[in-house]
Amino acid sequence: AQSVAQPEDQVNVAEGNPLTVKCTYSVSGNPYLFWYVQYPNRGLQFLLKYITGDNLVKGSYGFEAEFNKSQTSFHLKKPSALVSDSALYFCAVRGGNFNKFYFGSGTKLNVKP
Amino acid sequence: DARVTQTPRHKVTEMGQEVTMRCQPILGHNTVFWYRQTMMQGLELLAYFRNRAPLDDSGMPKDRFSAEMPDATLATLKIQPSEPRDSAVYFCASGLATYEQYFGPGTRLTVT
């Protein structure tokens, strides 16, 4: 079965410190990988994607993500967290037999001043 | 700044009533998705259209839910009859083929 796992329900980090939000997937084929952010009472907002090419992709608001094919992971990173980064982050993978989107369960990021 | 729009933003209704939610995808996008988000279940895909044709509605309770795209600028999600367990935030998203989706602001549905 196709699936996307975000193993941490919540990640806490101090402002200024680096952050990592983890994502692993089990989707057949060569999937496309995405990260979205959701602020309270808002829709999901696209952050970045990996389709092909360089394994390190850069996105909005200083976020980047590293694709690791052997570990089937696509972790989201940022060198220096801001309090305003506090939100819910979703990893998504598109692939499988029917090229469907699969979303992870979300990780709540808390950045403390 | 092109955006997906959804109406209504909030809806409170009584059990048994019909609910219709509308979505205007971004002009030129050929795929439309409907999702439901709850605290317990997270984000669930309900239906998926490409070029107005339904490709996947396996996540949708068929007995009470229906999704359509009467034209390229309008997608609708209907619940009839509504039940309290349908209370959730319903998101519409649009995109191009296999690339990223752009989400609307959602419709918060409360069924009493």
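Colleague: Would you mind going over the state of the cysteines in detail, with residue names and values included?
Modeller: Residues and elements named next belong to chain A. On inspection of all chains with the given rule, the structure shows 2 disulfides over all chains. The disulfide partner of Cys-23 is Cys-91, and the S-S distance across this bridge is 2.0 Å. Taking the sign of the S-S torsion, -60 degrees for the link of Cys-23 and Cys-91, the bridge is left-handed. With a gap of 68 residues between them, Cys-23 in the loop between strand 3 (19-21) and strand 4 (24-26) and Cys-91 in strand 10 (residues 87-95) connect regions that are remote in the sequence.

Colleague: Run through the interface of chain B and chain A, naming residues and quoting values.
Modeller: Each partner contributes to the interface: chain B provides 21 residues, whereas chain A provides 18 residues. For the pair chain B and chain A, the interface holds 2 salt bridges. Across the pair Asp-56 of chain B and Lys-100 of chain A runs a salt bridge whose closest N-O atoms are separated by 2.8 Å. Linking chain B to chain A there are 6 residue pairs in polar contact (both at pLDDT 80 or more). Those elements giving two or more residues to the side of chain B that touches chain A turn out to be strand 4 (31-38), strand 5 (42-50) and strand 10 (101-103) of chain B. The biggest single contributor to the side of chain B that touches chain A is strand 5 of chain B, with 4 residues. Of the residues that constitute the side of chain B that touches chain A, the class distribution is 11 nonpolar, 5 polar and 5 charged.

Colleague: Provide a residue-level description of the pattern of salt bridges, including the pertinent values.
Modeller: Oppositely charged side chains can pair when the atoms bearing their charge come close. Tallied over the full model, the rule gives 10 salt bridges over all chains. Note that Glu-64 of chain A is salt-bridged to Lys-58 of chain A, the shortest N-O span being 2.9 Å. The exposure class of Glu-64 of chain A is buried, given its relative accessible area of 17%. Residue Lys-58 of chain A is classed as exposed on the basis of its relative accessible area of 63%. In this structure, Arg-64 of chain B engages Asp-86 of chain B in a salt bridge whose closest nitrogen and oxygen atoms are separated by 2.6 Å. Note that Arg-64 of chain B is positioned in the loop between strand 6 (53-56) and strand 7 (65-71) and Asp-86 of chain B in the loop between strand 8 (74-79) and strand 9 (88-95), a separation of 22 residues in sequence. Using a relative accessible area of 7% as the deciding quantity, one classes Arg-64 of chain B as buried. Members of the salt-bridge network, linked through shared partners, are Arg-64, Glu-83, Arg-85 and Asp-86 of chain B.

Conventions we followed
- Residues numbered from 1 in each chain as written.
- Chains lettered and ligands numbered in written order.
- Predicted model: local features only at pLDDT ≥ 70, side-chain atom pairs only at ≥ 80, totals over all residues.
- Heavy atoms only, no water.
- Disulfide = S-S within 2.5 Å.
- Helix = DSSP H or I, 4+ residues; strand = E, 2+ residues; numbered from the N terminus.
- Contact = heavy atoms within 4.5 Å.
- Salt bridge = Lys/Arg side-chain N within 4 Å of Asp/Glu carboxyl O.
- Polar contact = N/O pair within 3.5 Å; in protein donor to acceptor, adjacent residues only side chain to side chain.
- Nonpolar A, V, L, I, M, F, W, Y, C, P; charged D, E, K, R; others polar.
- Buried < 20%, exposed > 50% of the residue type's maximum accessible area, 1.4 Å probe, protein only.

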